[in-house]
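Chain by chain, the residues run as shown.
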Amino acid sequence: MTKPRFVNCRLPFPLLALYVFALFPASPTAADDLADLAKLAPDVLSKEQQGEAAGMIDREIYRRTAEVNARNREQWSQITSREQWEKFRDERVAALRRSLGDYPAPPAKLNVRTTSILTGEGFKIENTVYESRPGQWVTGNLYVPDKPTDSMPGILIAHAHHGGKRDSELQDMGMTWARAGCLVLVIDQVGYGERRAHPFSSDEDYAKPYRTGRQDYYFRQDTGVQLQLLGDSLMGWMAWDLMRGVDLLLARDGIDAKKIILLGAVAGGGDPAGVTAALDHRIACCVPFNFGGPQPETRYPLPEDAETSFNYLGGANWESTRGLRLGGRDDFLHWVITGSIAPRRLIHAHEFSWDQERDPVWKRYQKIWGEFYNTTENLGFAHGKGLLSQRPPEASHCNNIGVFHRQMIHPLFERWFGIKVTAKDEYSAPRTSAELICLSDQARQELKPQSLNQLMSAIGQERIDAARKRLIGKSPTERRELLRADWSKLLGEVSLAKSPVIKATVVDDQHIAGAKVERIVLEVEPGIVVPVLVLSPAKQFNKAPVVIGLAQSGKAGFLKERSTELQKLIQSGVIVVLPDVRGIGESRAGDTDLTTNLQLFGETMLGQRLRDLRSILAYLRDRTDVNDSQIALWGDAFVPPNPANTDFKVPRNVDGWPRGPEPLGSQLVLLGALFEDDIRAVYLAGGLTSYRDVLTNFAVLIPHSASVPGALTAGDLCDLACSLAPKPLRMEALVNHLNRTVPIFELHGAYAPCVQAYTATPSAFSISELRSSPANWLLEQLR
């Protein structure tokens with residue numbers, strides 16, 4: 001990396017600059033007495049500046065979103081032929097496919113079992129399971145006509161995120177279309193219904209009142225995080241299950257392979273339906289509600305300038321499917337995904353009122369289907385009424401796809417597939433949840449299905465083993481280079497600019513309680529600030545060693561919880577640097593929504609925070625009072641571990657949720673030392689033992705920002721630690737995914753590879769389940 005330039009200047013915050021403020025007037029306390037250090041105010045920014053800093057990541061996401069939308073508008077304006085469209089489409093669908101993760105080979109013959117059959121008026125329901133991947137059984141209700149024909153349409157329905165296959169609207173559709181001569185398959189998507197990973201399915205499953213029917217919805221966040229650690233995605237697994245559902249339909253006698261229809265319900269069902277149809281050309285028609293165009297939250301009616309003001313990229317949220325990772329970077333926007341279905345049939349579907357005249361996505365669809373393929377007859381629409389903010393009967397709210405919406409679908413299905421259903425043909429005779437059970441006790445005994453966590457854990461270990469196999473026989477330098485390359489891909493951009501310019505203004509230096517204290521605001525990138533405290537010995541005659549302290553609770557946590565250890569360091573001649581990397585401390589902001597949005601652009605919060613650390617290191621190396629060959633990193637966590645009697649069987653959105661780990665400090669010091677060769681030593685405490693452990697429980701307690709998509713494809717946290725050899729490394733009081741202290745015998749097992757990596761310098765690596773004095777160990781390494 002090119003050495004950064006530092007320019008002295010006087011500029012008002014928040015322009016690109018580094019500011020150093022006086023702490024407060026000199027203390028009457030003796031120069032060598034640091035007893036008041038714990039009382040030191042941690043703030044560097046004013047209240048107004050803190051408010052600005054808290055919104056800086058949001059502003060960065062908004063800027064990137066605007067860039068993606070502008071680029072997309074320009075790209076679309078250049079597409080004037082079918083050939084240009086297909087090149088544009090194919091590149092982006094291929095990128096979408098890569099982003100979803102690894103798939104197993106499709107089964108040569110799908111393993112299907114019917115566990116029971118229900119009879120109805122003009123139809124029957126086959127309670128069915130099929131094995132979408134080894135050990136993973138998908139539960140589904142197959143609605144079959146009483147009198148099957150030789151050319152039956154097959155309909156597959158992806159339910160909303162509200163709940164699984166038992167919903168009455170789903171049953172109504174299954175029964176109605178089966179009575180009209182169709183095979184209709186309604187499955188439980190991964191994590192839902194009979195496939196849920198959490199244990200909360202009835203009021204009796206928890207002692208206090210909780211939202212029983214919403215737990216599948218809440219815990220899909222957890223499943224999404226776990227699948228991302230594997231390098232997969234919730235969207236990818238949902239799409240794979242739906243594709244295997246197509247296999248099931250096509251294997252049935254009498255099915256018409258040219259009449260496979262996929263419907264995606266409102267509120268999260270349209271997302272996997274649209275993606276699946278883009279990837280699987282066996283699907284002849286797709287009806288993805290609320291995916292590709294305006295959303296229920298979009299302004300209605302659209303503005304006159306919708307063509308240029310519309311957010312084609314959309315936004316991400318905690319649900320893990322609406323925000324497709326890398327979608328902004330690689331340009332597979334939702335409308336591109338649905339547009340790629342052409343010239344097959346598409347119904348552009350909306351839960352509420354739709355502004356057809358101004359919808360810019362609809363105009364693009366018309367150009368694709370009409371001008372490029374001359375198949376305008378294959379493009380249709382359906383919509384509801386009213387607004388999301390209104391209630392029935394003014395607005396057409398539904399759980400999946402309501403009767404109101406189906407009245408616009410039926411005529412299209414009749415024209416395209418000969419499915420004759422009118423309003424009077426709608427049928428409703430809902431069965432109980434118990435009647436629709438597919439995995440009966442007998443089926444479970446015979447099939448021995450793996451739980452979702454068992455399956456993910458096994459896949460996780462396979463990917464860790466594969467990553468470690470690549471490192472066998474490599475020298476320490478080669479191992480570091482491989483891991484740097486792996487983690488650079490996983491984290492997003494972690495390098496600084498080739499010629500970074502950091503402008504600095506020194507306002508004042510003063511002493512307090514035996515230390516010189518500087519308050520610093522470092523703008524590491526345009527609009528991104530990192531407030532820093534630099535605590536130096538009061539009497540310093542030579543260049544001094546440096547310890548950088550990093551934690552989830554930032555500099556305030558260090559001052560409150562580790563003041564005694566900080567005092568030892570300063571009194572021994574060490575400069576202590578305490579930053580708040582972006583999104584914590586004085587710039588604290590929401591975790592999950594921000595990290596999910598950053599993933600749209602190929603970034604991670606952890607990767608951006610690593611850039612912050614590297615910027616701080618670049619600044620410190622240019623200071624005249626710093627010995628840049630004696631810089632150590634200290635990562636810590638100040639949240640207490642959960643005690644032995646902690647109840648971890650707790651539903652979401654209730655009081656009593658267990659404390660989660662705070663792994664940021666330990667993650668940053670490991671990664672910082674991996675990417676920066678001249679780090680002298682690394683100490684960490686309270687860090688996460690293993691990413692793989694996160695896969696073993698139904699609940700995820702680590703912060704979303706601590707999760708790195710694909711982390712287990714590069715090994716595990718142990719492998720990061722091993723890569724630092726022969727650099728001195730001390731690890732203490734590590735915790736597991738439940739924020740429980742890990743016993744020493746388990747630590748020895750988990751970190752046995754580190755012992756081997758440090759064979760040449762065994763004293764440089766140590767690990768303990770207990771905390772000791774970080775200052776004493778760091779001082780020993782900085783001698």
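Residues numbered from 1 in each chain as written. Predicted model: local features only at pLDDT ≥ 70, side-chain atom pairs only at ≥ 80, totals over all residues. Heavy atoms only, no water.

### A word on the overall build of the protein
Counting its regular elements, the protein contains 24 helices and 21 strands. For the protein, whose C-alpha radius of gyration is 29 Å, the value lies close to the compact-globule estimate of 28 Å for 783 residues. Projected onto its principal axes, the C-alpha coordinates of the protein cover approximately 95 × 60 × 50 Å. Scored against the burial criterion, the 783 residues of the protein give a buried share of 61%. Per element, the accessible surface of the protein, about 30,200 Å² overall, is 50% carbon and sulfur. If the 90 positive side-chain charges of the protein are averaged to one point and the 93 negative ones to another, these points end up 2 Å apart. (Helix = DSSP H or I, 4+ residues; strand = E, 2+ residues; numbered from the N terminus. Rg over C-alpha atoms; globule rule 2.2 N^0.38 Å. Buried < 20%, exposed > 50% of the residue type's maximum accessible area, 1.4 Å probe, protein only. Areas by Shrake-Rupley, 256 points an atom, 1.4 Å probe, with all protein chains shown as cover. Lys, Arg positive; Asp, Glu negative; His and termini not counted. Charge placed at Lys NZ, Arg CZ, Asp CG, Glu CD.)

### Quick word on unusual backbone geometry
Cis geometry marks the peptide bond from proline 392 to proline 393; its omega dihedral reads 10°. Take proline 393: it is sitting in the loop between strand 11 (379–382) and helix 12 (403–417). The backbone of aspartate 331 shows a phi angle near 65°, a positive value even though the residue is not glycine. Looking at the element boundaries, aspartate 331 is found in the loop between helix 9 (327–330) and helix 10 (334–339). Although it is not a glycine, asparagine 374 adopts a positive phi angle of roughly 55°. Among the secondary structure elements, asparagine 374 is positioned in the loop between helix 11 (360–372) and strand 11. On the basis of relative accessible area, asparagine 374 is assigned to the exposed category, the value being 63%.

### Here's the deal with the state of the cysteines
Summed over the entire model, instances satisfying the criterion amount to 0 disulfides. The thiol sulfur of cysteine 285 is not disulfide-bonded, and the nearest other cysteine sulfur, from cysteine 286, lies at 7.1 Å. For cysteine 285, a relative accessible area of 1% gives the class buried. Cysteine 718 forms no disulfide, and the closest cysteine sulfur to it belongs to cysteine 722, at a distance of 3.9 Å. (Disulfide = S-S within 2.5 Å.)

### Focus on the sheet that holds strand 9 (residues 285–288)
If you trace the 9 strands from one edge of the open sheet to the other, you get 3-4-5-7-6-8-9-10-11, paired in mixed fashion. Two strands in the sheet have a free side with no partner beyond their single neighbour: strand 3 (112–119) and strand 11. Between one strand axis and the next, the sheet turns by 20° as a mean value, whatever way the strands run. In the sheet, strand 6 (residues 152–158) pairs with strand 8 (residues 255–264) via 6 bridges, with the strands oriented parallel. Across the sheet, methionine 152 pairs through a bridge with isoleucine 255, a residue of strand 8. Where helix 12 meets the sheet, it contacts strand 6, strand 8, strand 9, strand 10 (345–349) and strand 11, and its direction lies at approximately 160° from that of strand 11. (Pairing = 2+ DSSP bridges. Axes fitted to C-alpha atoms, helices over the stretch in contact; angles between N-to-C directions. Contact = heavy atoms within 4.5 Å.)

### Thoughts on the confidence of the model for the protein
When pLDDT drops low, the exact placement of atoms in the prediction is not to be read closely. Mean pLDDT over the protein works out to 91, with 93% of the residues at or above the 70 mark. Low pLDDT, under 50, characterises residues 1–32; the stretch is placed with 101 contacts to residues that sit more than four places away or in other chains. (pLDDT = per-residue confidence, 0-100.)

### Digging into the packing of helix 4 (residues 168–179) against helix 12
Relative to each other, helix 4 and helix 12 sit at 25°, their axes nearing to 14 Å. Between helix 4 and helix 12, the interaxial angle falls into the category roughly parallel. Between helix 4 and helix 12 lies a crossing of right-handed hand. Each of Glu169, Asp172, Met173 and Trp177 in helix 4 lies in contact with helix 12, whose residues at this interface are Arg406, Ile409, His410 and Phe413. Of the residues in the contact of helix 4 with helix 12, the class split is 4 nonpolar, 1 polar and 3 charged. (Parallel < 35°, antiparallel > 145°, perpendicular 65-115°, else oblique. Left-handed = near helix turned anticlockwise from the far one by under 90°. Nonpolar A, V, L, I, M, F, W, Y, C, P; charged D, E, K, R; others polar.)

### Section: the nonpolar core
In terms of nonpolar packing, the biggest core is built from 169 residues, with Trp335, Trp487, Ile548, Tyr691, Leu729 and Tyr751 touching the most fellow members. Discounting chain neighbours no more than four positions away, the residues touching tryptophan 335 are Asn72, Trp76, Trp85, Phe88, Gly292, Tyr312, Val361, Arg364, Tyr365 and Ile368. One finds Phe123, Ile409, Leu412 and Phe417 within the second-largest nonpolar core, a separate group that totals 38 residues. (Core = buried A, V, L, I, M, F, W, Y, C linked by side-chain atoms within 4.5 Å.)

### A closer look at the pairing of strand 3
Taken residue by residue, a regular strand's side chains alternate between the two faces of the sheet. Sheet topology places strand 3 next to strand 4 (residues 123–133); 7 bridges connect them, and they run antiparallel. Paired with arginine 113 across the two strands is valine 129, which belongs to strand 4. Adjacent in sequence and paired antiparallel, strand 3 and strand 4 are bridged by 3 residues, among which glycine 122 carries a positive phi angle near 85°.

### Some points on the pattern of salt bridges
Pairing is possible between side chains of opposite charge, provided their charged atoms come close. Here the structure, examined in full by the defined rule, presents 47 salt bridges. A salt bridge links arginine 282 to aspartate 247, with the nearest nitrogen and oxygen atoms 2.6 Å apart. Residue arginine 282 is found in the loop between helix 7 (270–279) and strand 9, and its partner aspartate 247 is found in helix 6 (residues 234–250); the two are separated by 35 residues along the sequence. On the basis of relative accessible area, arginine 282 is assigned to the partly exposed category, the value being 29%. Where aspartate 636 meets arginine 771, a salt bridge forms, and the shortest distance between an N and an O atom there is 2.9 Å. (Salt bridge = Lys/Arg side-chain N within 4 Å of Asp/Glu carboxyl O.)

### Quick word on the packing of aromatic side chains
Within this structure, the stated rule accounts for 28 aromatic pairs. Consider the rings of tryptophan 362 and phenylalanine 381, whose centres lie 5.7 Å apart with planes at 90°: the pair is edge-to-face. Of this pair, tryptophan 362 sits in helix 11 while phenylalanine 381 is found in strand 11, placing the two residues 19 residues apart along the sequence. Overall, tryptophan 362 belongs to the buried group, its relative accessible area being 6%. Exposure remark for phenylalanine 381: the relative accessible area of 26% places this residue in the partly exposed category. (Phe/Tyr/Trp six-rings, centres within 6.5 Å; stacked < 30°, edge-to-face > 60°.)

### Focus on helix 18 (residues 592–599)
With 7 of 8 residues buried, helix 18 lies mostly within the body of the structure. On its buried face, helix 18 sits against helix 2 (56–77), helix 5 (215–230) and helix 19 (605–621).

### Details of the environment of histidine 161
Mapped onto the elements, histidine 161 comes out in the loop between strand 6 and helix 4. The class of histidine 161 is buried, set by a relative accessible area of 8%. Remark: the alpha-carbon pair of histidine 161 and isoleucine 337, spanning 176 residues in sequence, is separated by 20 Å.

### Some points on the pairing of strand 5 (residues 136–145)
Within strand 5, 10 of the 10 residues are buried, leaving the element largely enclosed by the surrounding structure. Side chains of strand 5 alternate between two faces, with Gln136, Val138, Gly140, Leu142 and Val144 and Trp137, Thr139, Asn141, Tyr143 and Pro145 buried alike. Note: strand 4 against strand 5, 10 bridges, orientation antiparallel. Paired with tyrosine 130 across the bridge in strand 5 is valine 138. With antiparallel pairing between neighbouring strands as the criterion, strand 4 and strand 5 make up a hairpin whose turn holds 2 residues, including glycine 135 at a positive phi of roughly 85°.

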